[in-house]
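Understanding the architecture of this molecule
What follows is the residue order along each chain.
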Amino acid sequence: GSSLEPEERSMEPPAVPEEEEEEEEGAVPLSVAPGPVGCQLFGYVGIEAVLDQMKIKTMKTGFEFNIMVVGQSGLGKSTMVNTLFKSKVSRKSSQPGQEERIPKTVQLQSITHVIEEKGVKMKLTVTDTPGFGDQINNENCWDPIIKYINEQYERYLREEILICRKRKIPDTRVHGCVYFVPPTGHWLRPLDLEFMRRLSKIVNVVPVIAKADTLTLEERAEFKQRIQEDLKTHAISVYPQEDFDQDPEDRALNDRIREKIPFAVVGADQEHQVNGKRVLGRKTKWGIIEVENPAHCEFPLLRDLLIRSHLQDLKDITHNVHYESYRVRRLNESNRPG
């Protein structure tokens, strides 16, 4: 009120001479002081309430997440997606009574589901790529996948440049591509290297070793080291990319993740009884492989990366890096004379 005004004015005069004295002594002037200085509040303002507002708005509107799985047939792509989201969200491998046939060319199939957990709705789109790497001649088998990813960028761009555009543009862009490497135990195949080299420039690629339960722990560690050497030798930058680490904390977290990539995963969509608990796993003659047990496989690391810790970062990098580079390239093409 008015009673505070004289006190505020009485505090100003002594502050001016102090600044002048500091400037005379060679101190850094106020106008060029490095960095923003925190302001001490005299009481509760309520700035933190913006987090609650964002949470409430997100719970009302929901959000979108689009994931693509790429790999040869029989590597457990559909099972892995079902395991990630603990529901039947991936495509059916074949219709009842019909024989499953390998497509002659790469076909892309997308299925969209709305998943709700504790009031939060997520529109999940899973894009599968049956036929990838299944032929004798796999030359340019990545072209349909690159075309599909660019088509989603183009669709978003066309909506964005409209004069009267929608308040919320539907986002069909691929936020993450999980690439399944066959558990050969040797080096990466030329097909794997060429795919990741091309796709890592336009989408977030997360490589995983499929059906890792077919390898011993020693074979798994050696195979993982060889893959890391291959990626480094061919300058392939998979997610999370070092160039996009924003601060030391992000870099420290992502460095620990990069040491584990590619994740050696095992997928299962059936529950079994283990020590009185129901767990997801694969039952064998010598025991049960628990997919959510870090001692058995690295599926929990993949789940945490895609959902619990880096889901929003996947969307941000897709929008700010991959889509932005596509947008700049397309607009430059359209502005060229002739």
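Structure's up top.
Residues numbered from 1 in each chain as written. Predicted model: local features only at pLDDT ≥ 70, side-chain atom pairs only at ≥ 80, totals over all residues. Heavy atoms only, no water.

Before going further, it helps to examine the sheet that holds strand β7 (residues 271-274). The strands making up a sheet are joined through hydrogen bonds of the backbone, oriented either antiparallel or parallel. Across the sheet, three strands lie side by side as β7-β8-β9; this open sheet has antiparallel pairing. Because the sheet does not close on itself, it has two edges, and the strands there are β7 and β9 (287-290). On average, each strand axis in the sheet is inclined to that of its neighbour by 70°, with strand direction left out of account. In the sheet, strand β8 (residues 277-284) pairs with β9 via four bridges, with the strands oriented antiparallel. Residue T284 lies in a different strand from β9, and its bridge partner there is G287. (Pairing = 2+ DSSP bridges. Helix = DSSP H or I, 4+ residues; strand = E, 2+ residues; numbered from the N terminus. Axes fitted to C-alpha atoms, helices over the stretch in contact; angles between N-to-C directions.)

It is worth spelling out helix α4 (residues 143-160) at this point. Taking 1.5 Å as the rise per residue, α4 with 18 residues should run 26 Å; its terminal C-alpha atoms sit 26 Å apart, in good agreement. Burial in α4 covers these residues: I145, I146, Y148, I149, N150, Q152, Y153, E154, Y156 and L157. Tucked into the core, α4 has its buried residues touching β1 (63-70), β2 (109-117), β3 (120-128), α5 (190-199) and α9 (311-335). (Expected span 1.5 Å × (residues − 1). Buried < 20%, exposed > 50% of the residue type's maximum accessible area, 1.4 Å probe, protein only. Contact = heavy atoms within 4.5 Å.)

Strand β5 (residues 205-209) sits mainly inside the fold: five of its five residues count as buried. In the sheet, strand β4 (residues 176-181) pairs with β5 via five bridges, with the strands oriented parallel. What sits directly across from Y179, in β5, is P207. As for the winding sense of the linkage, the β-α-β connection from β4 through α5 to β5 is right-handed. Relative to strand β6 (residues 263-264), β5 runs parallel, the two being bridged by two bridges. Counterpart to I209 in the pairing with β6 is A264. (Right-handed = clockwise from strand over helix to strand, strands pointing away.)

Attention now moves to the pairing of β1. For β1, the buried fraction is high: seven of the eight residues fall into the buried class. By the bridge criterion, seven bridges tie β1 to β3 in an arrangement that is parallel. Counted as the bridge partner of V69 is D128 from β3. With four bridges connecting them, β1 and β4 associate as parallel partners.

As far as function goes, none of this settles anything; it's purely spatial.
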